[in-house]
Amino acid sequence: DAGITQSPRYKITETGRQVTLMCHQTWSHSYMFWYRQDLGHGLRLIYYSAAADITDKGEVPDGYVVSRSKTENFPLTLESATRSQTSVYFCASEAKVLSGSSPDTQYFGPGTRLTVL
Amino acid sequence: RKEVEQDPGPFNVPEGATVAFNCTYSNSASQSFFWYRQDCRKEPKLLMSVYSSGNEDGRFTAQLNRASQYISLLIRDSKLSDSATYLCVVTAPSGGYQKVTFGIGTKLQVIP
């Protein structure tokens with residue numbers, strides 16, 4: 001199916017374990033993003049990628065690693081999970097408008113609810 | 001000061017009422033503005049973009065005031081299905097890319 005998907009949808013892990021959250025989009029959008037959403041905070045950008053093999057830090061990158069070997073995939077890895085990383089993680093991709101003055105739009109995956117015990 | 005500020009609410013309004021949300025932003029170089037809607041435990045979805053001249057989509061009207069650095073969302077004839085959290089989103093140039101900043105959202109509850 002077309003769109004943006006995330007897996008797993010729910011994950012419980014323990015402190016210190018490595019966890020990888022997957023994100024896959026079928027639109028061939030060049031930009032992809034990882035956000036976390038916590039109570040009292042807006043969506044906060046962890047990492048983003050402008051294209052395959054191009055990634056950059058966002059607002060809260062510490063403790064996370066990303067890669068983008070293929071345009072359609074953008075996995076997020078928590079190298080050693082901590083309780084403060086308990087959150088809802090959203091992946092998004094961006095439709096770049098090639099002409100005109102219309103703003104860009106981000107499309108979000110359904111999210112991964114991660115609990116670190 | 002937060003880059004994008006919203007009143008988290010909740011705004012409890014009866015069906016049929018008109019409700020308005022404001023969102024202020026601090027970066028005067030901000031270029032693009034959006035309202036997203038997020039239902040409980042779901043992903044955010046674009047509701048509408050906000051243009052300088054203001055724009056309307058059915059019962060929804062969005063306006064931008066660059067001088068005062070705020071955007072607004074007006075919902076007329078509220079429906080139960082409008083109950084959700086409304087996220088203000090602002091983009092600004094940052095190192096060759098448009099940095100996207102989300103507000104914490106304003107929660108709307110439409111009451112029968």
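This one's a predicted model, so the numbers in the text were calculated from it and none came from an experiment. (Residues numbered from 1 in each chain as written. Chains lettered and ligands numbered in written order. Predicted model: local features only at pLDDT ≥ 70, side-chain atom pairs only at ≥ 80, totals over all residues. Heavy atoms only, no water.)

Chemist: It is not clear to me how the packing of aromatic side chains should be interpreted in this structure. Could you clarify?
Modeler: Counted by the stated rule, this structure contains 15 aromatic pairs over all chains. Considering the side-chain rings of Trp27(A) and Tyr107(A), the 5.2 Å spacing of their centres and the 50° angle between planes classify their relative orientation as tilted. In this pair, Trp27(A) sits in the loop between strand E3 (19-25) and strand E4 (31-37) while Tyr107(A) sits in strand E10 (residues 105-108), placing the two residues 80 residues apart along the sequence. For Trp27(A), a relative accessible area of 36% puts it in the partly exposed group. Under the relative-accessibility criterion, Tyr107(A) is labelled partly exposed at 37%. Members of the aromatic cluster, joined through ring pairs, are Tyr31(A), Phe33(A), Tyr35(A), Tyr48(A), Phe90(A), Phe108(A), Phe34(B), Tyr36(B) and Phe102(B). Lying across the ring of Phe74(A), Arg68(A) places its NZ or CZ 6.0 Å from the centre. (Phe/Tyr/Trp six-rings, centres within 6.5 Å; stacked < 30°, edge-to-face > 60°. Helix = DSSP H or I, 4+ residues; strand = E, 2+ residues; numbered from the N terminus. Buried < 20%, exposed > 50% of the residue type's maximum accessible area, 1.4 Å probe, protein only. Lys NZ or Arg CZ within 6 Å of the ring centre and 35° of its normal.)

Chemist: I would appreciate a short explanation of the confidence of the model for chain A in the present structure.
Modeler: For any part of a model where pLDDT is low, the fine detail of the predicted coordinates should not be relied upon. In this model, chain A carries a mean pLDDT of 90, and residues with pLDDT of at least 70 account for 91%. Least confident of the elements in chain A is E10(A), whose mean pLDDT is 89; most confident is strand E8 (residues 76-78) of chain A, at 98. (pLDDT = per-residue confidence, 0-100.)

Chemist: How should I be thinking about the pairing of strand E3 (residues 19-25) of chain B in this particular structure?
Modeler: Put simply, side chains in a regular strand alternate between the two faces of the sheet. Residue and element names in this part refer to chain B. What you see with E3 is a clean split: Val 19, Phe 21, Cys 23 and Tyr 25 sit on the buried side and Ala 20, Asn 22 and Thr 24 on the side with no burial. In the sheet, strand E1 (residues 4-6) pairs with E3 via three bridges, with the strands oriented antiparallel. Across the sheet, the residue bridging to Gln 6 is Cys 23, located in E3. Relative to strand E8 (residues 70-75), E3 runs antiparallel, the two sharing six bridges. Looking across to E8, one finds that Ala 20 is bridged to Leu 74. (Pairing = 2+ DSSP bridges.)

Chemist: Looking at this model, I keep getting lost on the interface of chain B and chain A. Mind explaining?
Modeler: You'll often see interface size given as the accessible area lost when the parts meet. At the junction of the two partners, chain B supplies 18 residues and chain A supplies 21 residues. For the chain B face of the interface with chain A, the top three residues by lost area are Arg41(B), Tyr97(B) and Phe102(B), together amounting to 36%. On the surface where chain B and chain A come into contact, there are zero salt bridges. At the surface where chain B touches chain A, the tally comes to two residue pairs in polar contact (both at pLDDT 80 or more). Looking at the side of chain B that touches chain A, its residues break down into 10 nonpolar, four polar and four charged. (Contact = heavy atoms within 4.5 Å. Buried area = accessible area lost by both parts, 1.4 Å probe. Salt bridge = Lys/Arg side-chain N within 4 Å of Asp/Glu carboxyl O. Polar contact = N/O pair within 3.5 Å; in protein donor to acceptor, adjacent residues only side chain to side chain. Nonpolar A, V, L, I, M, F, W, Y, C, P; charged D, E, K, R; others polar.)

Chemist: What's the story with the environment of Ile104(B) in this structure? I'm lost.
Modeler: In this fold, Ile104(B) is placed in the loop between strand E10 (97-102) and strand E11 (106-111). In sequence terms Ile104(B) and Ser68(B) are 36 residues apart; their C-alpha atoms lie 20 Å from each other.

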